[in-house]
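# Observations on chain architecture
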Amino acid sequence: DGQTSLREATIASTNTAGPETIAFDIPTSDPGFSGEEFVIVIDPASPAEELTLGDAGTTLDATTQPGGVPIVVEGGPQSTDSDTGLRVTSSGNEVIGLGVRGYVNGILVDGGSDNVIAGVVATGNANGVNLSGRTVATGNQVSGSTIADSLRLGLAIVNTTQVTVDGNT
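Below, the structure is looked at part by part. (Residues numbered from 1 in each chain as written. Predicted model: local features only at pLDDT ≥ 70, side-chain atom pairs only at ≥ 80, totals over all residues. Heavy atoms only, no water.)

A tally of helices and strands in the protein yields one helix and 16 strands. Computed over C-alpha atoms, the radius of gyration of the protein comes to 15 Å, within 12% of the 15 Å expected from 2.2 N^0.38 for 169 residues, which places it in the range of a compact globule. Seen through its C-alpha atoms, the protein measures out along the principal axes to roughly 45 × 35 × 30 Å. The burial tally for the protein puts 44% of its 169 residues in the buried class. The long-range fraction of contacts in the protein, counting pairs at least 24 apart against all pairs at least 6 apart in sequence, stands at 62%. Summing over all exposed atoms, the protein offers an accessible surface of approximately 7,900 Å²; the carbon and sulfur share of this is 50%. Treating the 5 positive side-chain charges of the protein as one cloud and the 20 negative ones as another, the clouds have centres 10 Å apart. (Helix = DSSP H or I, 4+ residues; strand = E, 2+ residues; numbered from the N terminus. Rg over C-alpha atoms; globule rule 2.2 N^0.38 Å. Buried < 20%, exposed > 50% of the residue type's maximum accessible area, 1.4 Å probe, protein only. Contact = heavy atoms within 4.5 Å. Areas by Shrake-Rupley, 256 points an atom, 1.4 Å probe, with all protein chains shown as cover. Lys, Arg positive; Asp, Glu negative; His and termini not counted. Charge placed at Lys NZ, Arg CZ, Asp CG, Glu CD.)

Moving on to the sheet that holds strand β11 (residues 121-123). Reading across from one edge, β2-β5-β8-β11-β14 is the order of the five strands in this open sheet, with parallel pairing throughout. Across the chains shown, the open sheet's two edge strands, defined by having one partner strand only, are β2 (38-41) and β14 (146-148). Mean inter-strand twist for the sheet, computed between neighbouring axes without regard to direction, equals 15°. Relative to strand β5 (residues 71-74), β2 runs parallel, the two sharing four bridges. Each bridged residue has a counterpart across the sheet, and for Phe38 the counterpart in β5 is Ile71. (Pairing = 2+ DSSP bridges. Axes fitted to C-alpha atoms, helices over the stretch in contact; angles between N-to-C directions.)

The parallel open sheet is built from six strands, whose spatial order is β1-β4-β7-β10-β13-β16. Where the open sheet ends on each side, the last strands, each with one partner, are β1 (20-22) and β16 (164-166). Pairs of neighbouring strands in the sheet enclose a mean axial angle of 5°, with direction left out of account. As judged from the three bridges shared by β1 and strand β4 (residues 58-61), these two strands associate in the parallel manner. Each bridged residue has a counterpart across the sheet, and for Ile22 the counterpart in β4 is Leu60.

The next subject is the packing of aromatic side chains. Two aromatic rings, taken as a pair, are described by how far apart their centres are and by the angle between their planes. Evaluated as defined, the whole model comprises one aromatic pair. Ring centres of Phe33 and Phe38 lie 4.7 Å apart, and the angle between their planes is 35°; this geometry places the pair in the tilted category. With a relative accessible area of 24%, Phe33 lands in the partly exposed category. The buried category is assigned to Phe38, whose relative accessible area is 1%. (Phe/Tyr/Trp six-rings, centres within 6.5 Å; stacked < 30°, edge-to-face > 60°.)

Listed below in structure tokens is the structure:
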């Protein structure tokens, strides 16, 4: 149909070797457009719907939406310890300008190194941005982001070193 969902785009990027960019061009006629933001509802209770960046070098850039209208991935209600808005499991990825709310983990980096989380807005999650896991390596970065109204942790850094945290609110 010439349209790709965000979930389809993350699956395609994970299954395609080499760097990719996920950009947005959602029409204002989309039913997820509230007049102020585009809301993409991802059911946190369905693992089949989880968003994962699993191939190194993917850029997910929500600032590409024409008119600068925010893109928000929304879940909830929080029901288990594994509900995640966006999971990053590989290295060298960038998540730019994405909003995420209503999850146990808004954004979870649980693998890889040199990932950049920049300009995201993580609100109303149990954990806003979580860098933790047995396979998280060095060089990850969280910058210029807004992390608010977290029920547990705003920014969690566990089992990893050499993380840059800069200019966040």
